[in-house]
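The chain contents come next:
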Amino acid sequence: MASYTVFAPPLKAGETVPNTDRFVFVRDGFHFWGMVFAPLWLLRYRLWLEFIAFLVVGTAIQIGAQLATGSDDIGMIVGILLAILIGLEGSTLRRWKYSRMGWRNVGVVVGDDREMAEQRFFDSWVQRDDIEVSPSPQPWTPSLTGSVPRVPLNQGVIGLFPEPRAVR
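Here we summarise the structure given alongside this text. (Residues numbered from 1 in each chain as written. Predicted model: local features only at pLDDT ≥ 70, side-chain atom pairs only at ≥ 80, totals over all residues. Heavy atoms only, no water.)

### As for the layout of surface pockets
- What the largest pocket holds in volume is close to 260 Å³.
- Forming the boundary of the largest pocket are 13 residues, of which Val-24, Phe-25, Arg-94, Arg-114 and Glu-118 lie nearest the centre.
- Of all elements in the fold, only β2 (24-27) and α5 (114-127) reach the threshold of two or more residues within the lining of the largest pocket.
- Among the residues forming the lining of the largest pocket, the class breakdown is six nonpolar, two polar and five charged.
- Of the volumes computed, that of the second largest pocket is approximately 150 Å³.
- Around the second largest pocket, the lining residues are Glu-50, Ala-53, Phe-54, Val-57, Leu-82, Leu-85, Ile-86, Glu-89 and Leu-93.
- At the level of secondary structure, the elements contributing two or more residues to the lining of the second largest pocket comprise α3 (48-69) and α4 (73-100).
- Element by element, the count of residues in the lining of the second largest pocket is highest for α4, at five residues.
- Its residues placed into classes, the lining of the second largest pocket shows seven nonpolar, no polar and two charged. (1 Å grid on protein atoms, 1.4 Å probe; cavity = no way out; pocket = protein on both sides within 12 Å on 5 of 7 lines; lining within 4 Å. Points joined across faces, edges and corners; volume = space filled by probe spheres on them. Helix = DSSP H or I, 4+ residues; strand = E, 2+ residues; numbered from the N terminus. Nonpolar A, V, L, I, M, F, W, Y, C, P; charged D, E, K, R; others polar.)

Laid out in structure tokens, this is it:
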């Protein structure tokens, strides 16, 4: 099962609840096509800044390797490692893009595929009573009046370690 991060778009004028048709589910994990076709994959997901950085870093590495060794082997190896990095961190780049654009992270859901993840997310979304998403979230403040679960002090064992006075 894969985990998906769910992003809600910024609210338009007059909206109190985000348009669920525009929600984006970003799968966490390795992106094979992001590794094999890194520049095209970046363009497909409209990661313009990341695409430019990929080109600049890739070109700088190629030129630096050519000047340092006179061989293209190191540049090719580093290019492959850069492509693997895009495959590994592609979902992080997408999440970063949505955060930059003002989209809100509204949850994480697990599913066999995106359709199952969407079904599970919206099933729980409909049952929630705090669906309204405000444009500027209020910071969380801990409540001083809430109850704290009490743990008995003398249970004899904490985790796997017995008390120091215990008989061996």
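From this point, the discussion proceeds with the structure in view.
### Section: unusual backbone geometry
- We note that Arg-46 has phi near 55°; this positive angle belongs to a residue other than glycine.
- Of note, Arg-46 is situated in the loop between α2 (38-44) and α3.

### Side note on the pattern of salt bridges
- On inspection of all chains with the given rule, the structure shows three salt bridges.
- Ionic pairing is found between Arg-100 and Glu-50, a salt bridge with its closest N-O pair at 3.1 Å. Here the residue Arg-100 occupies a position in helix α4, and Glu-50 occupies one in helix α3, the gap between them amounting to 50 residues.
- What makes Arg-100 partly exposed here is its relative accessible area of 38%.
- With its nearest N and O atoms 3.0 Å apart, the salt bridge here joins Glu-118 to Arg-114. (Salt bridge = Lys/Arg side-chain N within 4 Å of Asp/Glu carboxyl O. Buried < 20%, exposed > 50% of the residue type's maximum accessible area, 1.4 Å probe, protein only.)

### Quick look at the packing of aromatic side chains
- According to the stated counting rule, one finds 10 aromatic pairs in the structure shown.
- Residues Phe-23 and Phe-122 carry aromatic rings whose centres are separated by 5.7 Å and whose planes lie at 40° to one another, so their mutual orientation is tilted. Taken as a pair, Phe-23 in the loop between β1 (2-8) and β2 and Phe-122 in helix α5 lie far apart in primary sequence, 99 residues in all.
- In this structure Phe-23 comes out as buried when scored by relative accessible area, which is 9%.
- With 5.2 Å between their ring centres and 75° between their planes, Phe-121 and Phe-122 make a pair best called edge-to-face.
- By relative accessible area, Phe-121 is classed as buried at 5%.
- Given the relative accessible area of 23%, Phe-122 is considered partly exposed.
- Aromatic rings pair up to connect Phe-23, Phe-25, Phe-121 and Phe-122 into one cluster.
- The ring of Tyr-45 has Arg-44 sitting right over it, with the charged end atom 4.4 Å from the ring centre.
- The positively charged end of Arg-100 is found above the aromatic ring belonging to Trp-96, 4.4 Å away from the centroid. (Phe/Tyr/Trp six-rings, centres within 6.5 Å; stacked < 30°, edge-to-face > 60°. Lys NZ or Arg CZ within 6 Å of the ring centre and 35° of its normal.)

Bear in mind that shape data such as this cannot, by itself, settle questions of function.
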